[in-house]
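Structural features, examined
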Amino acid sequence: MAPQREWFEKDYYKTLGVPSTATPKEITSAYRKLAKKHHPDTNPGDDELFKEITAAYDVLGDADKRKEYDEVRTLGPQAGGFPGGFGGGGGGGGFPGAGTTFRVDDAGDFGDLFGGLFGRGRRGGGQTGPQRGADVEAELHLTFEDAVRGVTTSVNLTTDVRCHTCGGSGSAPGTRPDPCPRCGGTGSLQDDQGLFSLSQICPQCSGRGTIVTHPCPTCSGTGTEHRNRSVKVRIPAGVEGGQRIRVKGRGAAGRGGGPAGDLYVIVHVGRHHVFGRKGRNLTLTVPVGFAEAALGTTLTVPTLDDPVTLRVPAGTPSGRTFRVKARGVPGGKKSPTGDLLVTVEVDVPGELTEEQRTAVEELAKVIEPPSRSGLGV
Ligand SMILES: [Zn+2]
Ligand SMILES: [Zn+2]
């Protein structure tokens, strides 16, 4: 991933509430806590915050990205500081003494600007340099059951893929790239400046050491083409709506031999006609009659597998929840299997037959209404 403009503006460490010296483990645990607390499913309205937390973890949770982020953040002051911050549209940011105001309106321009500062030729180094492919997002709609049990499925996306004509080399079939005439194939230029000998990435070949002299007719030498493709993804058991699943290296193909980007699958989960979800527990509401609740009964309740029998003891109040162990979301490496939480709701008939009315009236004579003295009226 090329450095992002946001990297200058956002303190991801602050977002996750960890010091910049935090270990990967500390970062992951801070992220888990915050993500759980601010998940949009439990806290609608926290969407923005949740997104920020996820964005921070995307970077800090990935060793390579974190390293780049740390570099970007130390680069700011060295390069003279970026007063007013980048972007914001206000034009307030400028290089001191540069005389002109430098405005950056999108990440693409930013990439060009800093590609040079990083000296890695990732961007802005001409069309032939190795470039990492873009990260790609895809939405995936899962049924309730598939989200609970986990599933292997595929998502369709249109991205840059390796060119089918040249296999990604960028050279027309039957031709080969030539050694770069500027650097003689080494990819770098030596520049003697008195005390220092500076090594610079060759601007002509962007460090590859070769140049495409007969561009492939399909991709015009880029080595990639835009195509529809289907990517297989394994969704772990227990995913929740709104979760992002990273599939490493399945994003857009890199250019000029650069690595592919990552695919982020955003999961949407459908509703179930009887079950609900609370984390790894499944929930179920079962109506019972007054007589059943008062005298006790045995219920047959569905699970995602076979139905189970549940004993409801005499004197069960409406709203009581019973736990059926290990019939929730299947466990994984780190999480135990969830339970099925069955809540009984005492059903009051809307209409009574003559016979029922007589019976209930008889009942009313022998059962006192519950005490309401606590209400203070
Ligand atoms: Zn060269
Ligand atoms: Zn091609």
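Above this text is the structure in question.
Residues numbered from 1 in each chain as written. Chains lettered and ligands numbered in written order. Predicted model: local features only at pLDDT ≥ 70, side-chain atom pairs only at ≥ 80, totals over all residues. Heavy atoms only, no water.

1. Let's talk about the coordination of the zinc ion (ligand 2)
Bound to the zinc ion (ligand 2) are the protein donor atoms Cys163 (SG), Cys166 (SG), Cys216 (SG) and Cys219 (SG), situated 2.2 to 2.4 Å from the metal. On the primary sequence, the residues serving as donors to the zinc ion (ligand 2) are separated as C-x2-C-x49-C-x2-C. For cysteine 163, a relative accessible area of 2% puts it in the buried group. (Donors = N, O, S within 2.8 Å, 3.2 Å for Na, K, Ca; no water. Buried < 20%, exposed > 50% of the residue type's maximum accessible area, 1.4 Å probe, protein only.)

2. Topic: the coordination of the zinc ion (ligand 1)
With distances of 2.2 to 2.3 Å, the protein atoms coordinating the zinc ion (ligand 1) are Cys180 (SG), Cys183 (SG), Cys202 (SG) and Cys205 (SG). Here the zinc ion (ligand 1) binds four donor atoms, and the angle range of 105 to 115° at the metal identifies the geometry as tetrahedral. Of note, the donors binding the zinc ion (ligand 1) are all from one chain and are spaced C-x2-C-x18-C-x2-C. (Tetrahedral: all angles 85-135°; square planar, octahedral: opposite > 155°, others 65-115°.)

3. Points about the environment of arginine 162
Within the element layout of this structure, arginine 162 appears in strand E2 (residues 151-162). With 90 residues separating them along the chain, arginine 162 and alanine 252 place their C-alpha atoms 8.7 Å apart. Discounting chain neighbours no more than four positions away, the residues touching arginine 162 are Gly167, Gly168, Gly223, Thr224, Glu225 and Ala253. (Helix = DSSP H or I, 4+ residues; strand = E, 2+ residues; numbered from the N terminus. Contact = heavy atoms within 4.5 Å.)

4. Some details on a positive patch on the surface
A cluster of basic side chains, namely Arg32, Arg234, Lys333 and Lys334, defines a positive patch on the protein surface. Here lysine 333 is to be found in the loop between strand E14 (321-324) and strand E15 (340-347). Among the residues examined, lysine 333 registers a relative accessible area of 89% and is labelled exposed. (Patch = residues over 30% accessible without salt bridge, like charges linked within 9 Å, V, L, I, M, F, W, Y side chains within 5 Å. Areas by Shrake-Rupley, 256 points an atom, 1.4 Å probe, with all protein chains shown as cover. Salt bridge = Lys/Arg side-chain N within 4 Å of Asp/Glu carboxyl O. Lys, Arg positive; Asp, Glu negative; His and termini not counted. Charge placed at Lys NZ, Arg CZ, Asp CG, Glu CD.)

5. Considerations on helix H3 (residues 24-37)
Every α-helical turn comprises 3.6 residues, leaving residues that sit three or four positions apart pointing alike. The terminal C-alpha atoms of H3 lie 20 Å apart, and with 14 residues this matches the ideal 20 Å at 1.5 Å per residue to within 8%. Here H3 has its buried residues at Ile27, Thr28, Ala30, Tyr31, Leu34 and Ala35. The buried side chains of H3 occupy one side of the element, clustering within an arc of 165° when seen end-on. Of the exposed residues in H3, the ones pointing more than 90 degrees away from its buried face are Lys25, Lys33, Lys36 and Lys37. (Expected span 1.5 Å × (residues − 1). Arc of directions from axis to C-beta.)

6. Here's the deal with the pairing of strand E11 (residues 281-289)
The pairing of strand E10 (residues 276-278) with E11 spans three bridges and is antiparallel. For glycine 276, the partnering residue across the bridge sits in E11 and is threonine 283. What sits between E10 and E11 in their antiparallel hairpin is a turn of two residues, with glycine 279 showing a positive phi close to 60°. With eight bridges connecting them, E11 and E15 associate as parallel partners. Following the sheet pairing, valine 288 is matched in E15 by valine 346. (Pairing = 2+ DSSP bridges.)

7. So, unusual backbone geometry
Located in the positive-phi region is serine 206, a residue other than glycine, with phi close to 55°. As for its position among the elements, serine 206 is in the loop between strand E5 (196-201) and strand E6 (210-211). Looking at serine 206, the relative accessible area reads 5%, which means it is buried. Of note in the backbone geometry, serine 220 takes a positive phi value of approximately 55° without being a glycine. Tracing the chain through its elements places serine 220 in the loop between E6 and strand E7 (224-235).

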